[in-house]
Amino acid sequence: MGKQPFARAFALSAIMLSLCILAVAQGTTSRVTGTVTDSSGAAVTGATVTLTNEGTNVSRTGTTGNNGGYVFDLVEPGFYSVSVEQAGF
């Protein structure tokens, strides 16, 4: 009978610790992904993609891959615009 309250307290402590660890694991950044295609739906390879934070006017630039895809990781919260440039378009 004396061990039962301890077991409950231990189980509750373990659950609370697990929830705290999950809460700490959440980050404040995100990822922006997309695919650039032409008017026929074909992927545009090698296009320059610029992601601009509208609040700070800070830009990051990347290039589309073979499938027309691009990724910007570790993007801080804010309002952004995306622009794409490619010769011939």
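Residues numbered from 1 in each chain as written. Predicted model: local features only at pLDDT ≥ 70, side-chain atom pairs only at ≥ 80, totals over all residues. Heavy atoms only, no water.

Looking at the overall build of the chain
Then step 1. Helix and strand counts for the chain stand at one helix and five strands.
Then step 2. Of all 89 residues assigned to the chain, the portion counted as buried reaches 18%.
Then step 3. The long-range share in the chain, meaning contacts at least 24 apart out of those at least 6 apart in sequence, stands at 58%.
Then step 4. Counting only carbon and sulfur atoms, one obtains 59% of the accessible surface of the chain, whose full area is about 6800 Å². (Helix = DSSP H or I, 4+ residues; strand = E, 2+ residues; numbered from the N terminus. Buried < 20%, exposed > 50% of the residue type's maximum accessible area, 1.4 Å probe, protein only. Contact = heavy atoms within 4.5 Å. Areas by Shrake-Rupley, 256 points an atom, 1.4 Å probe, with all protein chains shown as cover.)

So, the side chain of Thr 50
Then step 1. Its location among the elements puts Thr 50 in strand S2 (residues 48–53).
Then step 2. Overall, Thr 50 belongs to the buried group, its relative accessible area being 18%.
Then step 3. With residues near it in sequence (within four places) discarded, Thr 50 still touches Ser 59, Arg 60, Thr 61, Ser 81, Val 82 and Ser 83.

Some thoughts on the nonpolar core
Then step 1. Counting residues in hydrophobic clusters, the biggest one holds eight residues: Val 36, Val 44, Ala 47, Val 49, Leu 51, Tyr 70, Phe 72 and Val 75.
Then step 2. For this core, the secondary-structure elements that each account for two or more residues are S2 and strand S4 (69–75).
Then step 3. Ranked by residues supplied to this core, first place goes to S4 with three residues.
Then step 4. Setting aside residues up to four positions removed in sequence, Ala 47 forms contacts with Gly 62, Thr 63, Thr 64, Val 84, Glu 85 and Gln 86. (Core = buried A, V, L, I, M, F, W, Y, C linked by side-chain atoms within 4.5 Å.)

Points about the side chain of Asn 53
Then step 1. Considering the arrangement of structural elements, one finds Asn 53 in strand S2.
Then step 2. A relative accessible area of 10% places Asn 53 in the buried class.
Then step 3. Separated by 3.3 Å, the side chains of Asn 53 and Tyr 80 make a polar contact.
Then step 4. For Asn 53, the contacting residues outside a window of four places in its chain are Val 58, Pro 77, Phe 79 and Tyr 80. (Polar contact = N/O pair within 3.5 Å; in protein donor to acceptor, adjacent residues only side chain to side chain.)

Here we look at the environment of Thr 37
Then step 1. On the secondary structure map, Thr 37 appears in the loop between strand S1 (30–35) and S2.
Then step 2. Each C-alpha atom of the pair Thr 37 and Gly 68 lies 6.5 Å from the other, and the pair is 31 residues apart in sequence.
Then step 3. Beyond its immediate chain neighbours, meaning those up to four positions away, Thr 37 contacts Ala 42, Ala 43 and Val 44.

Remarks on the pattern of salt bridges
Then step 1. All told, the structure shown has one salt bridge when counted by the stated rule.
Then step 2. Across the pair Arg 31 and Asp 73 runs a salt bridge whose closest N-O atoms are separated by 2.5 Å. Residue Arg 31 is found in strand S1, and its partner Asp 73 is found in strand S4; the two are separated by 42 residues along the sequence. (Salt bridge = Lys/Arg side-chain N within 4 Å of Asp/Glu carboxyl O.)

Description of the pairing of strand S3 (residues 59–63)
Then step 1. Pairing between S2 and S3: five bridges, direction antiparallel. Residue Val 49 lies in a different strand from S3, and its bridge partner there is Gly 62.
Then step 2. What sits between the antiparallel neighbours S2 and S3 is a turn of five residues, in which Asn 57 has the positive phi angle 65 degrees. (Pairing = 2+ DSSP bridges.)

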